[in-house]
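# Residue-level structure breakdown
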Amino acid sequence: PNVPSEDLRPLFETILKYIPAPKGDPDAPVQMLISTIDYNEFVGRIGIGRISRGTLKLNSMATRCNNLNPDLHENFRLSSLFSFEGLKRVPVESASMGEIVAVTGIEDIMIGDTICAPDTVEPLPFVKITEPTVAMTFSVNDSPFAGREGTYVTSRHLRARLMRELQTDVSLRVEETDSADSFRVSGRGELHLSVLIENMRRQGYEFQVSKPEVLFHYDENGNKLEPIEEATVDVPNDYSGKAIEVMGTAGGIMEDMFSDESMTHLTFSIPSRGTMGLKTRILNATHGEAVLFHHFREYGPYSGEMYGRKNGCMIAMATDKAVAYALDTLQQRGRLFVKPGDECYEGMIVGEPAKEGDMVVNVSKTKNLGNQRSSTADKAIQLTPPITFTLEEALEYIEDDELVEVTPESIRLRKRILSTIERKKANKK
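Let me sum up the structure you'll find in this document. (Residues numbered from 1 in each chain as written. Predicted model: local features only at pLDDT ≥ 70, side-chain atom pairs only at ≥ 80, totals over all residues. Heavy atoms only, no water.)

Here we take up the overall build of the protein chain. Looking only at helices and strands, the protein chain features eight helices and 28 strands. Across its three principal directions, the C-alpha atoms of the protein chain cover 95 × 65 × 55 Å. Within the protein chain, the proportion of its 429 residues that are buried is 41%. Sequence-distant contacts, at least 24 apart, represent 69% of the contacts inside the protein chain between residues at least 6 apart. A total of about 24,400 Å² of accessible surface is found on the protein chain, and carbon and sulfur atoms cover 50% of it. Averaging the locations of the 49 positively and 64 negatively charged side chains of the protein chain gives two centres separated by 7 Å. (Helix = DSSP H or I, 4+ residues; strand = E, 2+ residues; numbered from the N terminus. Buried < 20%, exposed > 50% of the residue type's maximum accessible area, 1.4 Å probe, protein only. Contact = heavy atoms within 4.5 Å. Areas by Shrake-Rupley, 256 points an atom, 1.4 Å probe, with all protein chains shown as cover. Lys, Arg positive; Asp, Glu negative; His and termini not counted. Charge placed at Lys NZ, Arg CZ, Asp CG, Glu CD.)

Below is the structure:
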């Protein structure tokens, strides 16, 4: 019976009653798989996992091994041992089979390593961590608004934060570039990198990022390979045709289709390049009814060129606040990304024109006042609410010559070259 309770005790009692206890021999040689990594500046890397058998004891000797790396055989002393109570780590002298613990003492411990007794080295199986498939450039913010909203804005801050992330995110890669202010960051997809960006902006970092680009591989014959993903779409039957059309234009190849009375389940093979902006397009086409999931499958043959957005963008010509009078004129020529009162700078993207090609526009243009004018004319301006971008939408929207400026308070789209004159020179070259 559903009896109201003031705490979670009924849930815990149900878990104890119905969930089986861990199986294993607490007296056998110790064996523990490292499942996740944490980092502390005082002790370095911290390995976290569940003890499969035996007992771990503080200050005892242990051996690190890995089933994917037969040559790894490293002895070490267990310098600290913690168990978990609620959200806290509590130091303990020993921990037995079935307990989840945190250990230190190994400088470069990795997910997938096994800690075991020195006289019984038996690595536990673990799936190899997927290599990065997408890369972006993180660089210091050099817009006219740099330093206004963020606490950490220099290349030193940016480098230190990215290097610290490497200590806990084993699938991330960070490389230096020709510029001291830029870093090439590679991850396992656009979502992986956007989570890092969002965490950094919430922590007070201010920087700019480039369009995500897929990492290509080459086989022994020199053929170009690209990451291929498996995508599944669940959509109402009425919109299945629209979903198939969107997936097809993104390079998807349908592998399976199953329908019941109300829903259609679709499975596609699709290049990772085709998944950029795919979620937004498929939700728009199906009126928000579709559910999309995709994950990396393999590297396969390159499937040819894919083209980005068809329309150009409206680019602010000067640094000033947007004015309703100017925006009223511009909204007749396309969609706006800013509202009256928003501060804009030269080179900032403020909208999207209805036609192809970029437009340089004046968002601060005011009405020339004559001797006679209607006192109610300016009040008649009605502006359509501007389009606002989430971080993921902004990353999907930009092209190669554009950047996303990320601060704790704002997400702005901009041209890589801000100056109109310099941009024209670069385009001619």
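Here we come to the sheet that holds strand β9 (residues 100-104). Across a sheet, strands are paired by hydrogen bonds formed along the backbone, either parallel or antiparallel in direction. Taken together, eight strands build an open sheet; the order of strands is β5-β4-β10-β1-β2-β9-β6-β7 and the sheet is antiparallel. Where the open sheet ends on each side, the last strands, each with one partner, are β5 (69-77) and β7 (88-91). Averaged over all pairs of adjacent strands, the angle between strand axes in this sheet comes to 35°, irrespective of strand direction. Across the sheet, helix α2 (residues 155-168) is in contact with β1 (31-40) and β2 (44-53); its angle to β1 comes to roughly 165°. (Pairing = 2+ DSSP bridges. Axes fitted to C-alpha atoms, helices over the stretch in contact; angles between N-to-C directions.)

Attention now moves to the environment of S182. Its location among the elements puts S182 in strand β13 (residues 182-187). In this structure S182 comes out as buried when scored by relative accessible area, which is 15%. Counting along the chain gives 43 residues from S182 to S139, while the straight-line C-alpha distance between them is 4.1 Å. Those residues in contact with S182 that sit more than four places away from it in its chain are T137, F138, S139 and T177.

In this approach the atoms are scanned with a rolling probe the size of a water molecule, which exposes any empty space left behind. Overall, the coordinates contain one cavity of 30 Å³ or more when judged by the stated rule. Taken as a whole, the largest cavity spans an internal volume of roughly 40 Å³. Along the walls of the largest cavity sit V140, Y152, V153, T154, H157, L158, Y205, E206 and F207, which together make up its complete lining. Its residues assigned to classes, the lining of the largest cavity shows six nonpolar, two polar and one charged. (1 Å grid on protein atoms, 1.4 Å probe; cavity = no way out; pocket = protein on both sides within 12 Å on 5 of 7 lines; lining within 4 Å. Points joined across faces, edges and corners; volume = space filled by probe spheres on them. Nonpolar A, V, L, I, M, F, W, Y, C, P; charged D, E, K, R; others polar.)

Okay, helix α4 (residues 240-249) next. If you check which residues of α4 are buried, you get S240, A243, V246 and M247. Buried residues in α4, looked at end-on, bunch into an arc of 125°, giving them a common side. Exposed and facing more than 90 degrees away from the buried side of α4 are E245 and T249. Check the buried side of α4 and you find it contacts β17 (224-236), β19 (263-271) and α5 (278-285). Directly beyond the C-terminal end of α4, a positive phi value near 95° is found at G251. (Arc of directions from axis to C-beta.)

On the surface, L8, L11, F12, I15 and I19 cluster together into a nonpolar patch covering about 490 Å² of accessible area. Note on I19: relative accessible area 53%, which makes it exposed. (Patch = residues over 30% accessible without salt bridge, like charges linked within 9 Å, V, L, I, M, F, W, Y side chains within 5 Å. Salt bridge = Lys/Arg side-chain N within 4 Å of Asp/Glu carboxyl O.)

With that settled, the discussion passes to the pairing of β19. Counting buried positions along β19 gives seven out of nine residues, so the element sits mostly inside the fold. Note: β17 against β19, nine bridges, orientation antiparallel. Paired with P236 across the strands is M263, a residue of β19. Both strand β18 (residues 253-259) and β19 contribute to a ladder of six bridges, which runs antiparallel. In the strand pairing of β19, F258 is matched with H265. Counted along the chain from β18 to the antiparallel partner β19, the turn is three residues long.

A few words on the sheet that holds strand β25 (residues 349-353). With mixed pairing, four strands are arranged side by side in an open sheet as β23-β25-β21-β26. Strand pairing shows two members of the sheet lacking a second neighbour, β23 (334-336) and β26 (359-361), which therefore form its edges. On average, each strand axis in the sheet is inclined to that of its neighbour by 30°, with strand direction left out of account. By the bridge criterion, two bridges tie strand β21 (residues 314-316) to β25 in an arrangement that is antiparallel. Across the sheet, the residue bridging to I315 is I349, located in β25.

What is shown is where atoms sit, not what they do.
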